[in-house]
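# Secondary and tertiary structure notes
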Amino acid sequence: MSLTPFYPVGTPGQPWTQAHKEQWLARIGRKRSYQEEVVSKITELKEKFELVPYGALSYDPQRYPLLALKTQHWDDSKPVVLVTGGVHGYETSGVHGALAFAETQAASFEQHFNFLIAPCISPWGYEVINRWNPQAVDPNRSFYPGSPSEEAAALMALVGSVGTPLAHFDLHETTDSDEEEFRPALAARDGKPFEPGVIPDGFYLVGDSDQPQPEFQKAMIEAVRQVTHIAPPDDQGNIIGAPLEQEGVINYPTKKLGLCAGLSQARYVTTTEVYPDSPSATPVECNEAQVAAICGGLTFILTQG
């Protein structure tokens, strides 16, 4: 394949040097406020949850505190449910879907579960609408010991403090910018040719190939179907290059890839993927789809006793 330049940073075919990463960072600017759009909403929920500060990003500790919500009346006899959003800070409904679940639905399940909700794991990424952190590191490939990502390391320490969750819902989006900006940047950073892909139009889930739980995934798809459309496979029968396991579901080796969904030994694990650029979905529907997925998954778990 030709190594024709495709990204304005770096030399085609050669991995980025530190100077290239600094050049990339210089192109990035703030586009929205984590404090105004996220921290304010988290603090509004302090009457319903225990507000847990679990660190701050060294890039700007005052601007980027790391905050989680924890069930107020924690009961060690109940299983723990982990909800994470904003691992990729640019994926807006991951953040606001987690907040919406905390605000509107968590109370209806608290008799059965303890909740730990981390709505925005990557606040710098949220502000600049980017997939990476300032070191050009993808937090969602960094959930392993000795992580190069402050964001991932802080969340792993937080989760370790409450024990192994029974379930983990990691809320994401697949956007047109994945194909227009972030995958080209990844190829350039790693000195590899960019191979165009297909962005699926609709909602889908990524299960853990080591523990796929197909009925759990199906229950979430059925719940989300009431809110928005489910992504069809491409003409190869794939979604983002992975074979379809069932309607709207693919599986990844979450631990091997260092994904947030693989950070624990949770029995029930899923990564949600909403498509906010679809002409058939609104921002409100994207948030509602995230909430529906969590509720559908929790309802299924309750049927399993």
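Keep in mind the model is a prediction, meaning the values are calculated, not measured. (Residues numbered from 1 in each chain as written. Predicted model: local features only at pLDDT ≥ 70, side-chain atom pairs only at ≥ 80, totals over all residues. Heavy atoms only, no water.)

To continue, consider the sheet that holds strand β1 (residues 49-56). The mixed open sheet is built from eight strands, whose spatial order is β1-β2-β4-β3-β5-β10-β6-β9. Only two strands of the sheet have a single neighbouring strand rather than two, namely β1 and β9 (249-252). Shown here is a sheet whose adjacent strand axes are inclined to one another by a mean of 20°, direction ignored. Along the sheet, helix α8 (residues 283-303) makes contact with β3 (80-85), β4 (114-118), β5 (167-173) and β10 (268-274), crossing β5 at roughly 160°. (Pairing = 2+ DSSP bridges. Helix = DSSP H or I, 4+ residues; strand = E, 2+ residues; numbered from the N terminus. Axes fitted to C-alpha atoms, helices over the stretch in contact; angles between N-to-C directions. Contact = heavy atoms within 4.5 Å.)

Here we come to the environment of G197. Considering the arrangement of structural elements, one finds G197 in the loop between α6 (176-190) and β6 (204-208). The spacing of G197 and L158 is 39 residues in sequence and 35 Å in space, taken between C-alpha atoms. Sequence-distant contacts of G197, that is, excluding residues within four places in its chain, are made with E179 and R183.

Counting buried residues along strand β2 (residues 65-71), seven of its seven residues qualify, which places the element largely inside the surrounding structure. Here six bridges tie β1 to β2, and the two strands are oriented antiparallel to one another. From the neighbouring strand, L51 faces β2, where its bridge partner is L69. Bridge count for β2 against β4 is two bridges, and the pairing is antiparallel. Counted as the bridge partner of K70 is L116 from β4. (Buried < 20%, exposed > 50% of the residue type's maximum accessible area, 1.4 Å probe, protein only.)

What follows deals with unusual backbone geometry. Phi at I129 takes a positive value of approximately 55°, unusual for a residue other than glycine. One can find I129 in the loop between α4 (123-128) and α5 (150-160). By relative accessible area, which is 32% here, I129 ends up partly exposed. The backbone of A136 shows a phi angle near 60°, a positive value even though the residue is not glycine. Within the secondary structure layout, A136 lies in the loop between α4 and α5.

Right, let's get into the nonpolar core. F101, L155 and F169 are the most contacted members of the largest nonpolar core, which has 78 residues in total. The element best represented in this core is α8, accounting for 10 residues. With residues up to four places along the chain from it excluded, the contact list for F169 reads V81, L82, V83, T84, F216, M220, T270, A293, I294, G297 and L298. Counting residues in hydrophobic clusters, the runner-up holds eight residues, among them Y204, I239, A242 and Y252. (Core = buried A, V, L, I, M, F, W, Y, C linked by side-chain atoms within 4.5 Å.)

Across its 15 residues, α6 extends 21 Å between first and last C-alpha, which sits within 8% of the 21 Å expected from 1.5 Å per residue. Of all the bends found along α6, the most pronounced is centred on F182 and spans about 35°, while P184, a proline, follows it within four residues. Where α6 is buried, its residues touch β5. Following α6 by one or two positions, G191 adopts a phi angle in the positive range, close to 70°. (Expected span 1.5 Å × (residues − 1). Bend = angle between axes of the 7 residues up to and from the residue.)

Below, the discussion takes up the packing of aromatic side chains. Scanning the entire structure with this criterion turns up 12 aromatic pairs. Between F216 and F300, the ring centres sit 6.3 Å apart and the planes meet at 50°, which makes this aromatic pair tilted. One end of the pair, F216, is in helix α7 (residues 214-224); the other, F300, is in helix α8, and 84 residues separate them in sequence. The buried category is assigned to F216, whose relative accessible area is 0%. Residue F300 is classed as buried on the basis of its relative accessible area, which comes to 15%. (Phe/Tyr/Trp six-rings, centres within 6.5 Å; stacked < 30°, edge-to-face > 60°.)

Below, the discussion takes up the pattern of salt bridges. Taken as a whole and assessed by the stated rule, the structure comprises eight salt bridges. In this structure, the salt-bridge partner of R30 is E127, at a minimum N-O distance of 3.3 Å. Taken as a pair, R30 in the loop between α1 (18-26) and α2 (34-44) and E127 in helix α4 lie far apart in primary sequence, 97 residues in all. We note a salt bridge from E179 to R183, for which the minimum N-O separation is 3.0 Å. Taken together, the residues span about one helical turn, with E179 and R183 both in helix α6 at a distance of four residues. In the salt-bridge network here, residues are joined through shared partners; they are R30, R63 and E127. (Salt bridge = Lys/Arg side-chain N within 4 Å of Asp/Glu carboxyl O.)

So, about the pairing of β9. Note on strand geometry: in a regular strand, side chains alternate between the two faces of the sheet. Of the two faces of β9, the one carrying V249 and N251 and the one carrying I250 and Y252 are both buried. With four bridges connecting them, β6 and β9 associate as parallel partners. Across the sheet, residue L205 finds its bridge partner in β9, namely V249.

Geometric descriptors of this kind do not, in isolation, establish any biological role.
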